[in-house]
Amino acid sequence: MAVRDSLKTYRTKRRFERTPEPRGGGRTTTRTRRKSGSRFVVQRHQATTLHYDLRLEVNGVLRSWAVPKGLPARVGDKRLAMETEDHPLEYLDFHGTIPAGEYGAGKMDVWDRGTFENLTRRDEEPIPVDDALDGGQLTLRLDGKKTHGDFLLKRTGTSGRKWLMIRVHGKKAG
Ligand code: MN
């Protein structure tokens, strides 16, 4: 599996002596191992502009998107989702206030969290979530405290960080 140079960008953007955010990359705890899998979090981030950060656990990091208007609520709704740098798994639990002057300054709360299921298929065969993301198209089912539904994350254009998050029809999540 391809190793992404994942947390380097995350760390470069932050000064950990000033921000309460986790540095990440510590030893994997028993708890983390036991609970590892396909978790997600949506954080409400009152930064310069209010937005929601969607993060999906993929290969030991959190793949992340900033969704200015929050998750699409109804089938057919589309929301812009800007891909951002990978975050460490410890960020699943992060809430707090990033001080003024620091990257992402503002208050961050956990809006929802839970697990997700990768529903992506190509030629009727399931494909792994990292391959789906590399290909710019991931269908997933979110099962959180607030969110129960199916979504398509689709990159717009051939490269770049701009994606759409679309609520799609699906079986009701259990
Ligand atoms: Mn954010």
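Residues numbered from 1 in each chain as written. Predicted model: local features only at pLDDT ≥ 70, side-chain atom pairs only at ≥ 80, totals over all residues. Heavy atoms only, no water.

Details of the packing of aromatic side chains
So, step 1. Per the stated rule, a full pass over the model turns up 5 aromatic pairs.
So, step 2. A centroid spacing of 5.9 Å and a plane angle of 35° characterise the contact between Tyr10 and Phe16, whose relative ring orientation is tilted.
So, step 3. Ring plane angle 90° and centroid distance 6.0 Å describe the contact between Tyr10 and Tyr91, whose orientation is recorded as edge-to-face. With a gap of 81 residues between them, Tyr10 in helix α1 (residues 6-12) and Tyr91 in the loop between β4 (78-88) and β5 (96-98) connect regions that are remote in the sequence.
So, step 4. Connected via pairs of aromatic rings, a cluster forms that spans Tyr10, Phe16, Tyr91 and Phe94. (Phe/Tyr/Trp six-rings, centres within 6.5 Å; stacked < 30°, edge-to-face > 60°. Helix = DSSP H or I, 4+ residues; strand = E, 2+ residues; numbered from the N terminus.)

Remarks on unusual backbone geometry
Most peptide bonds adopt trans geometry, and most residues besides glycine take a negative phi value.
So, step 1. Phi at Asn59 is positive, roughly 50°, even though this residue is not glycine.
So, step 2. With respect to the helices and strands, the residue Asn59 is situated in the loop between β2 (50-58) and β3 (61-67).
So, step 3. Here the phi dihedral of Asp123 falls at roughly 50°; this positive angle occurs in a residue that is not glycine.
So, step 4. On the secondary structure map, Asp123 appears in the loop between β7 (121-122) and β8 (125-126).

Here we look at the nonpolar core
So, step 1. Judged by nonpolar contacts, the single largest core of 22 residues is most densely connected at Leu54, Leu56, Leu142 and Leu153.
So, step 2. For this core, the secondary-structure elements that each account for two or more residues are β1 (39-46), β2, β3, α3 (129-134), β9 (137-144), β10 (148-155) and β11 (162-168).
So, step 3. The greatest single-element share of this core, amounting to 4 residues, is contributed by β2.
So, step 4. Aside from chain neighbours lying at most four places away, what touches Leu54 is Phe40, Val41, Val42, Arg63, Ser64, Trp65, Val67, Leu153 and Met165. (Core = buried A, V, L, I, M, F, W, Y, C linked by side-chain atoms within 4.5 Å. Buried < 20%, exposed > 50% of the residue type's maximum accessible area, 1.4 Å probe, protein only. Contact = heavy atoms within 4.5 Å.)

Considering the pattern of salt bridges
So, step 1. Per the counting criterion, the structure on display carries 11 salt bridges.
So, step 2. Across the salt bridge formed by Arg15 and Glu102, the nearest N and O atoms sit 2.7 Å from each other. Taken together, the residues Arg15 in the loop between α1 and α2 (30-35) and Glu102 in the loop between β5 and β6 (106-118) connect sequence positions 87 residues apart.
So, step 3. The closest approach of N and O atoms between Glu57 and Arg39, which form a salt bridge, is 2.9 Å. (Salt bridge = Lys/Arg side-chain N within 4 Å of Asp/Glu carboxyl O.)

Observations regarding the environment of Trp65
So, step 1. Of note, Trp65 is situated in strand β3.
So, step 2. Considered as a pair, Trp65 and Leu153 are 88 residues apart in the sequence and their alpha carbons are 10.0 Å apart.
So, step 3. Other than its neighbours up to four places away in sequence, Trp65 contacts Tyr52, Asp53, Leu54, Leu56, Ala81, Met82, Glu83, Thr84, Leu133, Leu153 and Trp163.

A closer look at the confidence of the model for the chain
So, step 1. The predicted model of the chain has a mean per-residue pLDDT of 90, with 88% of residues at 70 or higher.
So, step 2. Low pLDDT, under 50, characterises residues 29-36; the stretch is placed with 5 contacts to residues that sit more than four places away or in other chains. (pLDDT = per-residue confidence, 0-100.)

Some words on the coordination of the manganese ion
So, step 1. Protein coordination at the manganese ion comes from His45 (ND1), His51 (NE2) and Asp53 (OD), with a distance range of 2.1 to 2.3 Å.
So, step 2. In terms of primary sequence, the donors binding the manganese ion are separated according to H-x5-H-x1-D.
So, step 3. Asp53 gets classed as buried once you look at its relative accessible area, which sits at 4%. (Donors = N, O, S within 2.8 Å, 3.2 Å for Na, K, Ca; no water.)

With respect to the pairing of β9
So, step 1. When β6 meets β9, the two strands line up antiparallel, connected through 5 bridges. Its bridge partner being in β9, Phe116 is matched across the sheet by Leu142.
So, step 2. Relative to β10, β9 runs antiparallel, the two being bridged by 7 bridges. Looking at the pairing, Asp143 lines up with His148 of β10.
So, step 3. The turn joining β9 and β10, which pair antiparallel and follow one another in sequence, is formed by 3 residues. (Pairing = 2+ DSSP bridges.)

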